[in-house]
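# Chain and residue survey
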Amino acid sequence: MIPNVLAERYASPALQAIWSAEGRIVLEREFWIAVMKAQRDLGLDVPAEAIAAYEKAKDSVDPASIMAREKITRHDVKARIEEFNDLAGHEQVHKGMTSRDLTENVEQLQVYRSLLIIRDKTVATLRRFRERSEQWSDLILTARTHNVAAQPTTLGKRIAMFGEELLSSLQALDAVIANYSVRGLKGAVGTQMDQLSLFEGDAGKVADLEKRVVAHLGMPAVWTNVGQVYPRSLDFRVVAALTDLCSGPSSFCKTLRLMAGNETASEGFAPGQTGSSAMPHKMNSRSCERVNGFHVILKGYLAMAAGLAGDQWNEGDVSCSVVRRIMLPDSFYTIDGMFETFLTVLDQMDAYEAVIDAETAHYLPFLMTTTIMMEAVKSGVGRETAHKAIKEHAVATVNDLRLGVIDRNDLVERLADDSRLGLSRDALDAILAKGDSESGAAKAQIGAFAAAVGKLEAASPQAAAYGPGSIL
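This section reports on the structure supplied with the text.

Basis of the calculations
Residues numbered from 1 in each chain as written. Predicted model: local features only at pLDDT ≥ 70, side-chain atom pairs only at ≥ 80, totals over all residues. Heavy atoms only, no water. Helix = DSSP H or I, 4+ residues; strand = E, 2+ residues; numbered from the N terminus. Rg over C-alpha atoms; globule rule 2.2 N^0.38 Å. Buried < 20%, exposed > 50% of the residue type's maximum accessible area, 1.4 Å probe, protein only. Contact = heavy atoms within 4.5 Å. Areas by Shrake-Rupley, 256 points an atom, 1.4 Å probe, with all protein chains shown as cover. Lys, Arg positive; Asp, Glu negative; His and termini not counted. Charge placed at Lys NZ, Arg CZ, Asp CG, Glu CD. Core = buried A, V, L, I, M, F, W, Y, C linked by side-chain atoms within 4.5 Å. Expected span 1.5 Å × (residues − 1).

## Here's the deal with the overall build of the protein chain
Counting secondary structure elements, the protein chain contains 20 helices and six strands. Computed over its C-alpha atoms, the radius of gyration of the protein chain comes to 30 Å, more than 25% above the 23 Å expected for a compact globule of 472 residues. Once the C-alpha set of the protein chain is aligned to its principal axes, its extents read approximately 100 × 50 × 40 Å. Burial statistics for the protein chain: of 472 residues in total, 49% are counted as buried. Taking the contacts inside the protein chain whose residues are at least 6 apart along the sequence as the reference set, 79% of them involve residues at least 24 apart. Carbon and sulfur atoms make up 54% of the accessible area of the protein chain, which totals about 22,000 Å². Between the centroid of the 51 positive side chains of the protein chain and the centroid of its 61 negative side chains there is a distance of 1 Å.

What follows is the structure, given as structure tokens:
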């Protein structure tokens, strides 16, 4: 067997079980049994001993035997029907059903159960975001826009920023879950013709049959007007939600990689871990890099899903099968591996206050230039005049630092000597002293994020408590 790297290297056992060949076959057999039971309860002749025999045989899965049958039938569902019938010693499954009555509903069950697992891991991740944002809510650091020093912020605010993005992504995921509609028993072209034939045209019984089958699947809604397949735009919404979920963590990991390069923070480094086979000193952000890679993979699967949406012929065709067989399971393996990796990063990351403080001290006069400009404006200086004066001195200071003309940031002295600003050295020193301890509304913003996540944790305590497995 050629391995699926995403499944075997990155995904958790729970996701592997849902999407494995054996797991899918058991789900299909459980679905067939649920249909048979509902048909019997509504008056069809389905012997109880036959159902009992199928239930006894449902976990006896031999993929090699099924594949041998498929090589003869050239039809995967027919091969699985024959296998299940021979194991049970009866021919009662699949009455009134077309292949897509089986495969569409079971695939949707796999998707839906996977979505619930991913939702739990999202809640667990948000809990870590909350904890880390509160832990470092007062740790002032140099905020960067365009990766250039900008203004003071706190590490907690930076973490809450990406956490709130994930919180928003969870809301989008919840909308997909709440409105996820299953195809149901619709027959070859969506008209339920064969089930109506089985039940002598009794539309009420056919509707009841579908209701019971949908209850077995446990999904919140059902399509009414579908053809052979459900709309592939639903797959697009699912993969889009997974890609969205990865966005906040991926941006956070990109930022943490940049911070690690400046020695201000790291994702952690386990005992015995090796960063480079050639350079013993290296402690690479390999888990963060993996998260960024997962996001690229998901965007690739999103392109695949977009290619299928709006491309169905008439009541449906299965030219999408070859794409969906890769796209659906691998999208979930990818997002699952991402969360397992990212939870590990959040659990093990660290920040280095001494380095952060040194960086802040170096950049502080630059970080406070907007505040200095506002103070000059308040004292009667024109905004553009103040902007021009500060810019001249800031650029000159940066150039002198880069060329080694000076060995410390002396911007404050230069500004104090400029009569255009009208600010004394004492006034400028007071602004800098304030910048060393204040970061605007950062703390209140962190508090708002923490409160929102706290409500989520209270509503889903088991999900919030989830811990990742061991990652490679």
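From this point on, the discussion continues.
## Considering the nonpolar core
Grouped together as the largest cluster of nonpolar side chains are 99 residues, with contacts concentrated most on Phe31, Leu115, Phe129, Phe252, Phe332, Ile335 and Phe342. Considering each element in turn, this core owes the most residues, eleven residues, to helix H11 (residues 233-261).

## Quick word on the environment of Leu170
Turning to its location among the elements, Leu170 is positioned in helix H8 (residues 155-178). Each C-alpha atom, one on Leu170 and one on Asp244, is 8.7 Å from the other, the two residues being 74 residues apart in sequence. Among residues more than four places away in sequence, those in contact with Leu170 are Arg119, Thr122, Val123, Leu126, Leu245 and Leu456.

## Observations concerning helix H13 (residues 321-348)
Across its 28 residues, H13 extends 41 Å between first and last C-alpha, which sits within 8% of the 40 Å expected from 1.5 Å per residue. Burial analysis of H13 places 22 of its 28 residues in the buried class, which makes it a mostly covered element.

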